[in-house]
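# Structural overview for review
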Amino acid sequence: MGGSRVANRRAYNTRQRQAVLDYLAAHRDRYASVDGAFDALRSQGVEIGRSTIYRTLETLAGEGMATKIVAPRGEVALYRLVNQGEEDAGQLVCVECGRVSTIDCDAFQEFSHHVSTVHGFAIDLSRTVLYGRCPLCAKKQAAAHA
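What you see is a predicted model; the values in this text were computed from it and never measured.

Criteria and thresholds
- The residue numbering used here restarts from 1 in each chain and proceeds along that chain's sequence as written.
- Where totals are concerned, whole chains, interfaces and linings use all residues; where local detail is concerned, this predicted model gives features only for residues with pLDDT of at least 70, and gives and counts side-chain atom pairs only at 80 or more.
- The side-chain figures draw on all heavy atoms in the structure; neither hydrogens nor water molecules are used.
- Strand pairing is defined by DSSP finding a minimum of two bridges between the two strands.
- Working definition: helices are DSSP H or I runs of at least four residues, strands are E runs of at least two. Numbering for both runs from the N terminus.
- Each residue gets one of three labels from its accessible area relative to the maximum for its type: buried under 20%, exposed over 50%, partly exposed in between, using a 1.4 Å probe on protein chains only.
- We call two residues contacting when some pair of their heavy atoms lies within 4.5 Å.
- In the sections that follow, a salt bridge refers to a side-chain nitrogen of Lys or Arg positioned within 4 Å of a carboxyl oxygen of Asp or Glu.

### Here's the deal with the pairing of strand 4 (residues 100-103)
As paired strands, strand 3 (residues 90-94) and strand 4 are joined by four bridges and run antiparallel to one another. Its bridge partner being in strand 4, Gly 90 is matched across the sheet by Ile 103. The turn joining strand 3 and strand 4, which pair antiparallel and follow one another in sequence, is formed by five residues; a positive phi near 85° is taken by Gly 98.

The following block contains the structure:
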């Protein structure tokens, strides 16, 4: 009887993990907070707790399936699924709308190479995040100040 309880618990955790994965997959262009994922999943009727979401996101980050960063203002951790081909690319994160773009250009690779050869410091590009404003938000800000 106890064995079936364990099996059911594992199935329950698997459904919860899948719910978190599905949420992240639906929001690939943005980072998600634990609270944001919690609110969205609960509104979809998913029975899940904040601590379960946190543990799942931390596990996904530890497995290399998700990237974890600190929010631009430093108040909370944010998570996002790693997209295919992004393993060695930096990220641009908009501080206004939260949209994420990949830095996949030769100049960034050259900068990383320069830092490595000249300064002896190896940049982990998969963890490199630059904060600023995306073109759309920069345009809105310029229009608001015009």
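### Focus on the side chain of Thr 67
When you line up the elements, Thr 67 lands in strand 1 (residues 66-70). Classification of Thr 67 as buried rests on a relative accessible area of 12%. When sequence neighbours within four positions are dropped, the list of residues in contact with Thr 67 reads Tyr 31, Leu 78, Tyr 79, Arg 80, Val 82, Gln 91 and Ser 126.

### Considerations on the side chain of Thr 56
The topology assignment puts Thr 56 in helix 3 (residues 50-62). For Thr 56, the contacting residues outside a window of four places in its chain are Arg 17 and Val 20.

### Quick look at the pattern of salt bridges
For the structure on display, the rule yields five salt bridges. Linking Asp 29 and Arg 99 is a salt bridge whose minimum nitrogen-to-oxygen distance equals 2.6 Å. Within this pair, whereas Asp 29 is found in the loop between helix 1 (2-26) and helix 2 (34-43), its partner Arg 99 is found in the loop between strand 3 and strand 4, the two being separated by 70 residues in sequence. Since its relative accessible area comes to 29%, Asp 29 is described here as partly exposed. Residue class for Arg 99 comes out partly exposed when judged on its relative accessible area of 36%.

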